[in-house]
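What follows is the residue order along each chain.
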Amino acid sequence: MITNPNVKINLGLNVLRKREDGFHDLETLFVPYFDIHDTLEIVVGDDYSRTSAAIFGKYAPEMIEQGISEDGKLMITIARKEGVDWDPLKDLTAKAYFMLAEDFKMPPVKIFLEKTSPVGAGLGGGSADAAFALKMLNELCGLELSEADLVAYAARLGSDCAFFVYNRPMIGEGRGEILSGHAIDLSAYDLQILTPEGVAVSTKDAYAGIRPHLPEVSLREVLARPVEEWDGLLVNDFEETVFAKYPELAAIKKSLYDSGADYASMSGSGSALFGIYRK
């Protein structure tokens, strides 16, 4: 089975308060973006892989990392143009398999991930890979998990993984895992995403110096207004700390407005920025 896990953008991201468990309560609108995506294949047992030959033909050996679990039941191959600087067995797709294996008798599987979405850009590519892996394993292995079950498993893997189970516009609250549908129509607009090379923002860095607070205007109230009125009201609280460390990102946001964007913002904890333009 082959899928294309897509990325997302955040429309507004308010850090409301710090919780007793060390996490923060957030408020954001997740919106899927399908033009940037990875390629994920999962095969069961010795089934034929349709992507492995392409991966090994397209990528140099130093761009590919492989891992095999101690029990030999999971083999994972990850290919990325910039190289893979993490342990494949700690990739969220592998963690999805291991988590399900705690509750179900899972067959041996092979995971092939061609990683083309940017890493550390606030677009949720890794979270998407995890959620898609859960959905694929559910189908391939006949686990008969409901959508609610998949959401619960995804929330254990990461704060925005649950969103990608739904993969439609959703308001995220709590750590981002408390989701509710939200109708928003951006069909009259074009979206441009810029991902600066060589800038990857860690979540830890993004939270450094963050000052939780309630917004002057609620997220839902701002989103109900025309896009042209969002500037200054629809805020990503991470911009203050991230732009202080990476001023080039602030310059890119300004360039989006200079090029005619009706609204521009950083996505998630950065470093990707996007502009929304009326067609």
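What you see is a predicted model; the values in this text were computed from it and never measured.

1. Some remarks on the packing of helix α2 (residues 92-101) against helix α3 (residues 125-140)
The description of two packed helices rests on the angle between their axes and on the distance between the axes.
No. 1: Look at α2 against α3: their axes get within 8 Å of each other, and the N-to-C directions meet at 35°. In the crossing of α2 with α3, the sense of the turn from one axis to the other is right-handed. When α2 is examined against α3, the residues L92, T93, A96, Y97, M99 and L100 are found in contact with a partner set consisting of G126, S127, D129, A130, A133, L134 and L137.
No. 2: The residue inventory of the contact of α2 with α3, partitioned by class, reads nine nonpolar, three polar and one charged.

2. Observations regarding the pattern of salt bridges
No. 1: Here the structure, examined in full by the defined rule, presents 16 salt bridges.
No. 2: In this structure, D21 and R19 form a salt bridge, with 2.7 Å as the shortest nitrogen-oxygen distance.
No. 3: Several salt bridges share partner residues, and in doing so they unite R17, R19, D21 and D25 into one network.

3. As for the sheet that holds strand β11 (residues 263-266)
Within a sheet, each strand pairs with its neighbour through backbone hydrogen bonds, oriented either parallel or antiparallel.
No. 1: In space, the three strands of this open sheet follow the order β10-β12-β11, with antiparallel pairing throughout. The sheet is open, and its two edges are formed by β10 (189-194) and β11, each paired on a single side. Each strand axis lies, on average, 15° off the axis of its neighbour in the sheet, ignoring direction.
No. 2: The pairing of β10 with strand β12 (residues 273-278) spans six bridges and is classified as antiparallel. The partner of L194 across the bridge, within β12, is L273.
No. 3: Running at roughly 5° to β12, helix α9 (residues 247-258) makes contact with β10, β11 and β12 of the sheet.

4. Let's talk about α9
No. 1: Between the first and last C-alpha of α9 there are 17 Å, a value that for twelve residues agrees with the 16 Å anticipated at 1.5 Å per step.
No. 2: Of the residues making up α9, those classed as buried are L249, I252, K253 and L256. End-on, the buried residues of α9 take up no more than an arc of 100°, which puts them together on one face. Those residues of α9 that are exposed and aimed more than 90 degrees away from the buried face are P247, K254 and D258.
No. 3: In the core, the buried residues of α9 are packed alongside β10, α8 (238-245), β11 and β12.

Rules used throughout
- Residues numbered from 1 in each chain as written.
- Predicted model: local features only at pLDDT ≥ 70, side-chain atom pairs only at ≥ 80, totals over all residues.
- Heavy atoms only, no water.
- Axes fitted to C-alpha atoms, helices over the stretch in contact; angles between N-to-C directions.
- Helix = DSSP H or I, 4+ residues; strand = E, 2+ residues; numbered from the N terminus.
- Left-handed = near helix turned anticlockwise from the far one by under 90°.
- Contact = heavy atoms within 4.5 Å.
- Nonpolar A, V, L, I, M, F, W, Y, C, P; charged D, E, K, R; others polar.
- Salt bridge = Lys/Arg side-chain N within 4 Å of Asp/Glu carboxyl O.
- Pairing = 2+ DSSP bridges.
- Expected span 1.5 Å × (residues − 1).
- Buried < 20%, exposed > 50% of the residue type's maximum accessible area, 1.4 Å probe, protein only.
- Arc of directions from axis to C-beta.

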